[in-house]
Amino acid sequence: MTATYAGGPGTLVDGGFCTFVIDGLVLGVPVEHVQEVLRYQQMTVVPRAPEAVRGLINLRGQIVTAVDLRRRLDLPPLPAGSLPMNVIVRSRGEVVSLLVDDIGDVIEVTGLELEPAPATMPARVREVLTGVVSLPEHILLVVDADRAVDTSTAHDTTGGLP
Amino acid sequence: MDDDAEIIAEFLVESHENLDQLDRDLVELERQPGSRDLLSSIFRTIHTIKGTSGFLALHRLEALTHVGENLLSRLRDGEMTMTPDTTGVLLRMVDTVRALLDVVERTATDVGDDPDDIDVDGVVADLRDVLEGRAPAAAAAPTPAPDRVPEPAPEPAPEPHPVAQAEPAPYDETPTDPAEGQRRAVDATVRVDVDLLDNLVQLVGELVLTRNQILQKTDAHADVELGRAAQRLDLVASELQENVMKTRMQPIGQVWAKLPRVVRDLAHQLGREVELEMEGHDTELDRSLLEALKDPLTHLVRNALDHGIEPPETRLARGKERVGRLRLKAYHESGQVVVEITDDGAGIDPRRIGDVAVARGVVTREAAARLDGRDLLDLIFRPGFSTAAAVTNVSGRGVGMDVVRTNIERIGGTVDLASEPGIGTTFRVRIPLTLAIIPALVVGEGGERYAIPQANLVELVRIEARDLEVLAGAPVMRLRGRLLPLVSLAEVLGSPDAEPAEETDARLVVVLQADDVRFGLCVGDIHDTQEIVVKPIGRQLKAMAMYAGATIMGDGRVALILDVMGLARSRGIDQTVQLAVEQRAVVEERVTLLVVQVAGDRRAALPLTDVARLEEFPSAVLEHAGTTEVVQYRDGILPLVRLAALVGLPSGPPAEQVAVVVHETPDGQRVGIVIDRVLDIVETTATRTDVGRRPGVLGSTVVDGHVTELVDTDAVVARALPGRAELAGVR
């Protein structure tokens, strides 16, 4: 089990988060990691790629891997007919697209406490989170972009313990 | 001497640049005589020229700059002060240096056709005079500038030279030199920032993609004007691309330049005597590749010295020349650069490689036993392999050949070796000219397009389903007498509809070659060939050996580039021993023979190229047409010739099945040659002798230690087909 919670209890969060929705969850990535958000883009499928890799997008001449966050987090697929949106994040010198259901607002958080993700959440979701922040209207799941785009740790269909 | 020529050319460019600066510095120095900075800069320039000219054995230049340097060092250290005389004599020195450099450029020596042409000694004497505090003798007699070729540069005109030239050229803009029109080394080159070039390549890549997009769109339009403009764009973009790519090309000699020293030092250290030969050092390739090639190449050279070339005593004992020869050869071949490193050393014994590989746990004994010579040799590229008995600081740490191969494959290249124990070893490295933009074949499968680098493409074949055969579950086809393993792209890509197509369907087969492996890739659709810009793919997909990258097609969508080597590996084809053997036949132009048994225990052979198919028929289906034995075959009648009878041997015992070699004449007539059975397919360079020559037999040769008679295929045809008229009658 890897530690998914970087700060100790009482760590305060300051800054902007680009929020998006997946399967009813509100997630956010620190704005400094987000390059842009895009509506649905045509994708080229990569056969035999890790399951979470949905395809490749042409982003103004640059080839960007699209990671399906639902698959990455072991959540059920989007209902047929709805198209995912792209959150383009920068991770370790590369640009990667996170496919999400819907894009939310950019919210500013000041002086709120970053709490560890509840242990009852599925491990697959917890492992990409730095923590959660309780906002008045909902709970924001703070996503670590580097971990989210790492498909090598994605679900191993051959079995084994996580 | 080519290396020298290159060094001299570089020296000239550099020196001319420095001299221009020097002129400005000297003039400036007159205004601020005490400036240490200026003096130091001038001193450095002259010092550099002196050093290089000494190295290049340009002795007059060296003598001149040596005295000049002395004077400058005293000025710099404040032991002397600048006077107009000093400036004058220094400027004359610079002019003379320039004149000498011109001579060097024309003749590659600083003596030239007429050593008295340039009065070096006079200037040297004047410099000495100033050094020793006397007034220079000739300083007061200015004559026109000595430059044989006028300087178009806008700097202040050089101080007049006191000694008249044989033909003082007037200082004007019109070149009067016989070499008119031929730009000099200085004017012909510009130094450009490498980043700028890389940027240009990037931009051209984008332009090429946009061009592809526009071409695709205009194809759909009937507008003639638009079509013409698009065509012009196409031409210009192609040419621009070609030229920009050329700016990044550099001769491989740049990497080789250091090797003579490496070889010398190593030979010394290892007690070897080695003569290094280098050929084709002006072969050009992309500078990024050049950089990547440096280490593998050095490693291969070290390896050749350490493991290849024997110590002189051993060589003498083996009846070889005392001095070993190491040969580097570079050349362009079908869009690739080939570098060969050949030594005439001990060679590599495949069995020893096998033993060592087993000992080091690289392969199991069982696996090694199944490998033949070439595959055993290939084991040296496996990680953790090293045969050096002693670990030297040269090679033998077990890190090496695998790293060499990895590094070369990373830049899209391949490396293989051929070795003859006792004779020597050749490593052959193949690398693409450039990585940025490559020609590729675009194929379609499962609704997506895939690009295959043209460098891997051998040919395109369309086959009928019945030409496809299955050997123990592995689909193969016969292509001009050779078995070609087939791989279905749909299956490789794991498409759900990878079911074999209808029996009646024709298949499109892309014949591919990577390294020594040749195989056919069955694809759903073949689009066209186009220039593609290779773009990297993300970390998530890096580990997938079957993709070399991705590109953007004319319609803006992404297409994956297939890595042919990776594909072959993923299907286990690179283990195919038979193919490696066949490939060698192509490379070394050997003859491949079908060896058959005839008349009980006799061996005969015919060139595999004369064999269309091998068939077996039950004896019961043989019929007669006139006096000729025939069999019904593929909607026709196949006349049969019994080989034993043809070559004058008794027939073998009757059998239930007859083995037939089907030969096809150039005009499509088929003839069946009845044999006892097929023994082997052997490639050989063995020469034919006339022993046993008789009707139907061309002569004999030794194959695998057995005397084997060579069948005269023409005689077979003559025997079977004069009956053509007769057969026609039967039909």
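Residues numbered from 1 in each chain as written. Chains lettered and ligands numbered in written order. Predicted model: local features only at pLDDT ≥ 70, side-chain atom pairs only at ≥ 80, totals over all residues.

**Let's talk about the overall build of chain B**
Now for step 1: A count of helices and strands for chain B gives 23 helices and 29 strands.
Now for step 2: For chain B, the proportion of its 731 residues judged to be buried stands at 35%.
Now for step 3: If you take every contact in chain B between residues at least 6 apart in sequence, the share linking residues at least 24 apart comes to 64%. (Helix = DSSP H or I, 4+ residues; strand = E, 2+ residues; numbered from the N terminus. Buried ≥ 20, exposed ≤ 12 C-beta atoms within 10 Å, placed from the backbone. Contact = placed C-beta atoms within 7 Å.)

**Thoughts on the interface of chain B and chain A**
Now for step 1: Facing 20 residues of chain B, the contacting portion of chain A comprises 19 residues.
Now for step 2: Secondary structure elements with two or more residues in the side of chain B that touches chain A: α7 (194-219), α18 (539-542), β17 (547-552) and β18 (558-562) of chain B.
Now for step 3: Taken together, the residues of the side of chain B that touches chain A break down into 11 nonpolar, 4 polar and 5 charged. (Nonpolar A, V, L, I, M, F, W, Y, C, P; charged D, E, K, R; others polar.)

**A few points about the environment of D101(A)**
Residue and element names in this part refer to chain A.
Now for step 1: Among the structural elements, D101 can be located in the loop between β7 (94-100) and β8 (102-113).
Now for step 2: Between the C-alpha atom of D101 and that of L25, which follows or precedes it by 76 residues, the distance is 9.9 Å.
Now for step 3: Sequence-distant contacts of D101, defined by excluding residues within four places in its chain, comprise V21, I22, D23, L78 and P84.

**Observations regarding the confidence of the model for chain A**
Now for step 1: Residues with a pLDDT of 70 or more make up 88% of chain A, whose mean pLDDT is 85.
Now for step 2: Within the model, pLDDT remains below 50 along residues 1-6 of chain A, and this stretch shows 10 contacts once partners closer than five positions in the same chain are excluded. (pLDDT = per-residue confidence, 0-100.)

**Some points on helix α10 (residues 259-270) of chain B**
Residues and elements named next belong to chain B.
Now for step 1: Between the first and last C-alpha of α10 there are 16 Å, a value that for 12 residues agrees with the 16 Å anticipated at 1.5 Å per step.
Now for step 2: Regarding α10, the residues found buried are L259, V263 and L266. Buried residues in α10, looked at end-on, bunch into an arc of 75 degrees, giving them a common side. α10 presents P260, R261, R264, D265 and H268 as exposed residues on the side facing more than 90 degrees away from its buried surface.
Now for step 3: Elements that come into contact with the buried residues of α10 comprise α9 (253-256), β2 (274-279), α11 (287-308) and β4 (324-333).
Now for step 4: Trailing α10 by a residue or two, G271 shows a phi angle of about 70 degrees, which is positive. (Expected span 1.5 Å × (residues − 1). Arc of directions from axis to C-beta.)

**Structural notes on the packing of helix α3 (residues 59-76) of chain B against helix α4 (residues 84-107) of chain B**
Residues and elements named next belong to chain B.
Now for step 1: α4 packs onto α3 with a crossing angle of 160 degrees between their chain directions and a minimal axis gap of 10 Å. For the element pair α3 / α4, the angle class is roughly antiparallel. The two elements α3 and α4 meet at a crossing, and its hand is left-handed. Contact residues: α3 offers R60, L61, L64, T65 and G68, while α4 offers L90, M93, T96, V97 and L100.
Now for step 2: Partitioning the contact of α3 with α4 into residue classes produces 6 nonpolar, 3 polar and 1 charged. (Axes fitted to C-alpha atoms, helices over the stretch in contact; angles between N-to-C directions. Parallel < 35°, antiparallel > 145°, perpendicular 65-115°, else oblique. Left-handed = near helix turned anticlockwise from the far one by under 90°.)

**A short note on the sheet that holds strand β24 (residues 636-642) of chain B**
Residue and element names in this part refer to chain B.
Now for step 1: As summarised here, the arrangement of the 6 strands in space is β21-β25-β26-β24-β23-β22, forming an open sheet in which the pairing is mixed. Looking at strand neighbours, the two that pair on one side only are β21 (613-618) and β22 (623-625), the edges of this open sheet. Neighbouring strand axes in the sheet, compared pairwise and without regard to direction, differ in orientation by 45 degrees on average.
Now for step 2: Pairing between strand β25 (residues 657-664) and strand β26 (residues 670-675): 6 bridges, direction antiparallel. Paired with V660 across the bridge in β26 is V674. (Pairing = 2+ DSSP bridges.)

**Things to note about the pairing of strand β20 (residues 602-607) of chain B**
Residues and elements named next belong to chain B.
Now for step 1: The pairing of strand β19 (residues 591-598) with β20 spans 6 bridges and is antiparallel. In the strand pairing of β20, V596 is matched with A604.
Now for step 2: Turn length for the β19-β20 hairpin, with the two strands adjacent in sequence and antiparallel, is 3 residues, and the turn residue A599 shows positive phi of about 50 degrees.
Now for step 3: Note that β20 and strand β29 (residues 706-711) share 2 bridges and pair parallel. Within the sheet, the bridge partner assigned to A605 lies in β29 and is L710.

**So, the sheet that holds strand β5 (residues 62-68) of chain A**
Residue and element names in this part refer to chain A.
Now for step 1: The 5 strands are arranged β3-β6-β7-β5-β4 in an open sheet whose pairing can be described as mixed. The open sheet is flanked by β3 (34-38) and β4 (53-59), the only strands paired with a single partner. Between one strand and the next, the sheet's axes are offset by a mean angle of 30 degrees, whatever the strand orientation.
Now for step 2: In the sheet, β4 pairs with β5 via 6 bridges, with the strands oriented antiparallel. Following the sheet pairing, V53 is matched in β5 by V67.

**Quick word on the environment of D95(B)**
Residue and element names in this part refer to chain B.
Now for step 1: Secondary-structure assignment places D95 in helix α4.
Now for step 2: Here D95 falls in the buried class, since 22 other C-beta atoms lie within 10 Å of it.
Now for step 3: Once the C-alpha coordinates of D95 and D23 are considered, the two residues, 72 residues apart in sequence, prove to be 9.1 Å apart.

**Focus on unusual backbone geometry**
Most peptide bonds take the trans configuration, and most residues that are not glycine carry a negative phi.
All names here are of chain A.
Now for step 1: You will see that D23, though not glycine, has its phi angle at about 50 degrees, which is positive.
Now for step 2: By secondary structure assignment, the location of D23 is in the loop between β1 (12-22) and β2 (25-30).
Now for step 3: Positive phi values are uncommon outside glycine, yet D74 reaches one of about 60 degrees.
Now for step 4: As for its placement among the helices and strands, D74 is situated in the loop between α1 (69-72) and β6 (85-91).
Now for step 5: According to the C-beta neighbour criterion, D74 is partly exposed, with 15 such atoms within 10 Å.

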